Amino acid sequence: MRKLRVFSKIFAPICVSALLLTGFNGSLAAASTVVNPPIAEEKATLVTIYLKDKKSLDKLVNEGFDLVEHVHEQNGKLEIDAVVTDRELQQLKEKGYQVETVTTQEQVQNILIQRQQKVEEEAKLTAAADEIKILRANYFESQKETFLYIEAKSNAGTVASVILNASWKEKGTSQTATLQKVEDAGAYLYHSLLIPVEKVPNEVTVTSNQGGKTAKKVTEWVGGGKPDKRNKHYVSDFVDHYMNPTEVTDRIEALAKEFPKLAEVVEMPNKTNGYRRKAQNIAGKKENHSSIVISSKAWGHEGGNDVMIELAKPSEKGAPLKVTVDGSKVNVSLATDESGQAISTGNQVKEAINQTAGSLVTASKAYQSTGNGVIAPQTVKLTDSLNAPATVSRDPFAMKALRIGKQRDGSKLGVLAYSQEHAREWVTPLVSVETAERLLRNYATDKGTRNLVDNLDIFIVPTVNPDGGHYSFYDYNMQRKNMTNYCEGTEYGDPSIRNSWGVDLNRNHEIGSVYDGYSGASTSCTSGSFAGPEEVSEPEAKNLIWLADQNANIKFAMNIHSYGGYFMWPPGAYKAEGRETLPRPTAGQEAYFWAASNTILDEIKNHRGTVILPSRTGPVPDVLYSAAGNSADALWYKKGIYAWDFEVGADLYDAATGKWQPVGFQPEFKEGHEEAMEFSNGLIGMLKVANDYQKDKKAPASKLVKKKATNGFEVEFTTSEPATVYYTLDGSRPTFQSPTINLRGIRETDGEKLSITRSTVINWFSMDASGNIEKNYHPDTNPKKYNSEVIKIK
Ligand SMILES: [Zn+2]
C-alpha cells in the first residue's frame, strides 16, 4: 500500500508533463481567456536519510514522513529512503538530518522523454515491412559435429520487438529457429544463430515478424582452402610442458645458437622492472584501526627481506615513543602512560618510523585502517612474498626476440609474432616456441618451410610480460598484468592487495587509449585493465614499438592471447559515447582481412578439426569488446602493419549436452598442447599470407556498376581482388588523399554505394593490399591512367 502511494506521488505530476510534451499543450494554449495560471504543485524527491540509531528511526516514523520500505544498515549507520516534498526536505535539514538525493522529479521526467523517443523511433522503424540482409549463411564441421551458422541484419533491428526467424529444410522436413540479437554498448550489431544440424541445407530463409524476408545459399565456412601438403619428413611437436618466461627465452637462445645461419637473437633495449618487490608487512590490527603498512626501501632480495621491526613496551611509566635503527632492525619503544600501558597509535608509530628509520623503511596507511587505534607490542618481519626458485632472476629482465630468415637485413618482408602480453595465458608462449622450432627444424627437408624462411624476415617474441609471467607461475596463477606497482604510497599499496598491482600491457599503448577517451581500460592502479599512469609508460610496451620502429619492413603482426578461439583485427576500441570506433579499414582492406582469415583458419582446423567460429572472426569490437590502448591498434594505425589478434583455446563442444565448454587460461597440459599445435599451424598460415602478399605483383581491376534510383543513380564498384577504391566526384584527379569506398555497415563485407543525383564525372583507381595499383597508375609518379566515367542525369 505504502509502495503504491510512493509511486503515485512521483509519477502523477509527471504524467501531466508527459501529456504536455506530446502535443496537448496546443489546445491549452488556444484557450486565451485564462486569467490565473494554475497553481504549481509541490514537487517530490526520493531521498536517503542517514540515521544514528533505531531510536531516531522511530522518531522519524512518528513524524509521519513517507518512508519507503527499505531500511539498510551500512558502516554503522541506518539508511532509510523517503519520498519528500521540498517543504519536507527543508524540515528534515532544519532538524539536522543528513539527507542525500536518490532521484529527483526532473530526472524521472528525462527518463520519460527518452522513453517517448524510443516509442516514436520504434513506430517509425516498424511502420513498414523491414529489409533483411543475410550477412552469412555458413556450415562447418568442428569437433565431429556439423553446425549451421546464420548472421542477419534488419534495418529495424534496433527495436527489441523485432524478431528474426530462420527456416530451412533438413532431410525433407522444415526446421525453424529464432536468431539471437547481438548488441554492444547500446548499439545493434546483428542477429545470429549457431545450431548443430544433421544435414546441411542448401539454403536458409530469414523472416521477421515485421514482414521482411530473404534467402541465401549456405556455403562452407573454413575448410575450402587447401592447406599445403607437408613433406612426409615434416616434424612438429616440440613442447611437452608449460614453460615459464625464463625457459622460453633460454629456448630461443639455444635455437639461435644451433641455427646461426637462419636465426639470431634480438635483445630489446628496455629492461623490464623485474620479478621483484619491496619487502612489506603490516604492523597493528585492522580491527582496532591500529594497522599500518611497513615497506622496505631495498628490494626484497637486496636486503628488504632481512628487515625486522620490533614494537616493544618499555617497563618505564610515562615513557615517550622512541625509534632506533640497529643494522636491518628497527626498534620501536612504544610510549606508555602513568599506569605503564602502551598508548602509541598506529599513526604515531608510522610518523616516528618515517622520521628516524626512513632510510631503511617507509611506513604508510594500511587499507581500510585509520591508523588511530593503539598499537600493541609485536615483532614484524618484512618479506617480498615471492616464491619463484632462485633459477628465476630477480633482476630486470632483458626481453628477447628470435629473428628467423635467410636474409635478415631488412630487405625481406617482416612478420612479427608476439605472445603473453597477459601473464596467465600460458599456452601462448608455446605457440611461439613451437612455430620457431618448426621453421628451423623443417628448413632442410620441407620446401614449404624453406619458402617462408628464405623469403620472410620473421620476428618472434615468446613473452612480452616476463615478470608477470613468472609471478603467474610461482605466486598467483591468475596474474594478468606486469609487476610494476603504481599503488605505492596509497592505501592500495597494502600488501594484501599485491595481486591487483601492475599494468595491463595490452592497454598501455597510445592509439585509442583510455586517456583519449576510449572504452575498455581503467586509470585505477588496482584495476584488471589498468592502462598505466600514462600512454606507453611500461618498458614491455616500449620494446614492442621499438621493434616495429627499428624494422620498417614489418608489415604483418600477430598478437597471441588466450582463450576463447578468436581471430580478430582492427579497430580494437571505441568511445562508449555513441560507440564511435577508431576509423574502420576501407572496404578493400576489410575484404583482405577476411580473405586472409580463410588461409589462417583453414590451417588451424587442419590440426584437430577445430573451427574458429564466424561469430568470433572479425574486427575486435564487433566480436569481443572494446580494448582501449591495445597493441594491435598501435601497430595498424601508427605503422600501417596488418595487425591481427589470436585468442587461442576455442571452446570445446560437448555433443551429449549440446554445450560449448570454455577451456580457461591454464587447461590440463594435454589440451594446452593441442591448442599450441593448432595455433602454431595458424601462425604459419599467417606467414603464408605474408609471403603471398610479398609475391603479389598483379594489379587489381575494377568496374563501376550503376543502377537507376529514384532521383539519379546508385553507383558501386566491383574489384577483381580485395582492393581499396579511391575516387573523386568533382572531376579532379584521384589521389591517396581522395575519399575511399568504405564498408556499408558493421559486419558487412560490401562497399558502400554512392548516390549520384546530378551529372557527375567519377574518377577513380583501385589499389590492392600489397600496394599494386590498377593500370600502373600512381598519383605522384605516373598520374595519367586512372579510370573515368561520366554519369549523365537530365
Ligand atoms: Zn590476453
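Look up: the structure comes first, before these words.
Residues numbered from 1 in each chain as written. Predicted model: local features only at pLDDT ≥ 70, side-chain atom pairs only at ≥ 80, totals over all residues. Heavy atoms only, no water.

A. Quick look at the overall build of the chain. Per the secondary structure count, the chain includes 14 helices and 38 strands. On the principal axes, the C-alpha backbone points of the chain span a range of 100 × 95 × 60 Å. Classification of the 794 residues of the chain by burial places 51% in the buried group. Just so you have it, the chain exposes about 36,600 Å², and 49% of that area is on carbon and sulfur atoms. (Helix = DSSP H or I, 4+ residues; strand = E, 2+ residues; numbered from the N terminus. Buried < 20%, exposed > 50% of the residue type's maximum accessible area, 1.4 Å probe, protein only. Areas by Shrake-Rupley, 256 points an atom, 1.4 Å probe, with all protein chains shown as cover.)

B. Quick look at the coordination of the zinc ion. Surrounding the zinc ion are the protein donor atoms His 422 (ND1), Glu 425 (OE), Glu 425 (OE) and His 561 (ND1), at 2.0 to 2.6 Å. Considering all four donor atoms around the zinc ion, the spread of angles at the metal, 54 to 138 degrees, places the coordination shape in the irregular class. Summarised as a motif, the one-chain spacing of the donors to the zinc ion is H-x2-E-x135-H. The exposure class assigned to Glu 425 is buried, which follows from its relative accessible area of 2%. (Donors = N, O, S within 2.8 Å, 3.2 Å for Na, K, Ca; no water. Tetrahedral: all angles 85-135°; square planar, octahedral: opposite > 155°, others 65-115°.)

C. Representation of the sheet that holds strand β8 (residues 173-178) in the model. Read from one edge to the other, the open sheet built from four strands follows the order β8-β7-β11-β12, with strand pairing classed as antiparallel. Strands with a single pairing partner mark the edges of an open sheet, and in this sheet they are β8 and β12 (213-217). Ignoring which end each strand starts from, the neighbouring axes of this sheet average 25 degrees apart. Two strands pair when backbone bridges link them, and strand β7 (residues 164-170) and strand β11 (residues 203-208) are joined in this way by four bridges, in the antiparallel orientation. When the bridges of β11 are listed, Asn 165 appears paired with Thr 207. (Pairing = 2+ DSSP bridges. Axes fitted to C-alpha atoms, helices over the stretch in contact; angles between N-to-C directions.)

D. Summary view of the pairing of strand β16 (residues 292-299). In the sheet, strand β15 (residues 278-283) pairs with β16 via five bridges, with the strands oriented antiparallel. Note that in β16 the partner of Ile 282 across the bridge is Val 293. Relative to strand β20 (residues 361-365), β16 runs antiparallel, the two being bridged by five bridges. Bridge pairing in β20 places Ser 296 opposite Val 361.

E. Representation of helix α5 (residues 245-258). If you check α5, its first and last C-alpha atoms are 20 Å apart, about what 14 residues at 1.5 Å a residue would give, namely 20 Å. Listed in full, the buried residues belonging to α5 are Pro 245, Thr 246, Val 248, Thr 249, Ile 252, Leu 255 and Ala 256. Packed against the buried residues of α5 are β14 (263-267), β22 (400-404), α7 (427-441) and α9 (466-474). Two or three places before Thr 246, at the opening of α5, Asn 244 has a side-chain oxygen 2.9 Å from that residue's backbone nitrogen. (Expected span 1.5 Å × (residues − 1). Contact = heavy atoms within 4.5 Å. Polar contact = N/O pair within 3.5 Å; in protein donor to acceptor, adjacent residues only side chain to side chain.)

F. Looking closely at α7. Over its 15 residues, α7 runs 21 Å from end to end, which matches the ideal 21 Å to within 8%, given 1.5 Å per residue. For α7, the tally of buried residues reaches 14 of 15 residues, placing the bulk of the element in the interior.

G. Representation of the packing of α5 against α7 within the structure. For the pair α5 and α7, interaxial distance at closest approach is 11 Å and the crossing angle is 10 degrees. On the basis of their axis angle, the class for α5 and α7 is roughly parallel. Of the residues in α7, those in contact with Val 248, Arg 251, Leu 255 and Glu 258 of α5 are Pro 429, Val 433, Ala 436, Glu 437, Leu 440 and Arg 441. Taken together, the residues that form the contact of α5 with α7 break down as six nonpolar, no polar and four charged. (Parallel < 35°, antiparallel > 145°, perpendicular 65-115°, else oblique. Nonpolar A, V, L, I, M, F, W, Y, C, P; charged D, E, K, R; others polar.)

H. Just the pairing of strand β26 (residues 566-569), in detail. On β26, burial covers both faces: Tyr 566 and Met 568 on one face and Phe 567 and Trp 569 on the other are all buried. Pairing analysis gives three bridges linking β26 to strand β29 (residues 617-619), with the strands arranged parallel. Within β29, the residue paired with Met 568 across the bridge is Gly 618.

I. Main features of the pattern of salt bridges. Under the counting rule described, the total for this entry stands at 31 salt bridges. The shortest N-O distance in the salt bridge between Lys 400 and Glu 253 comes to 2.8 Å. Here Lys 400, found in strand β22, pairs with Glu 253, found in helix α5; they are 147 residues apart in sequence, far enough to count as distant. Judged by relative accessible area, Glu 253 falls into the partly exposed class, the value being 30%. The closest approach of N and O atoms between Asp 651 and Arg 616, which form a salt bridge, is 3.3 Å. Pair noted here: Asp 651 is in the loop between β30 (642-650) and β31 (652-654) and Arg 616 is in the loop between α11 (587-608) and β29, with a separation of 35 residues, a long-range link. Members of the salt-bridge network, linked through shared partners, are Lys 133, Lys 153, Glu 716, Arg 744, Glu 748 and Asp 750. (Salt bridge = Lys/Arg side-chain N within 4 Å of Asp/Glu carboxyl O.)

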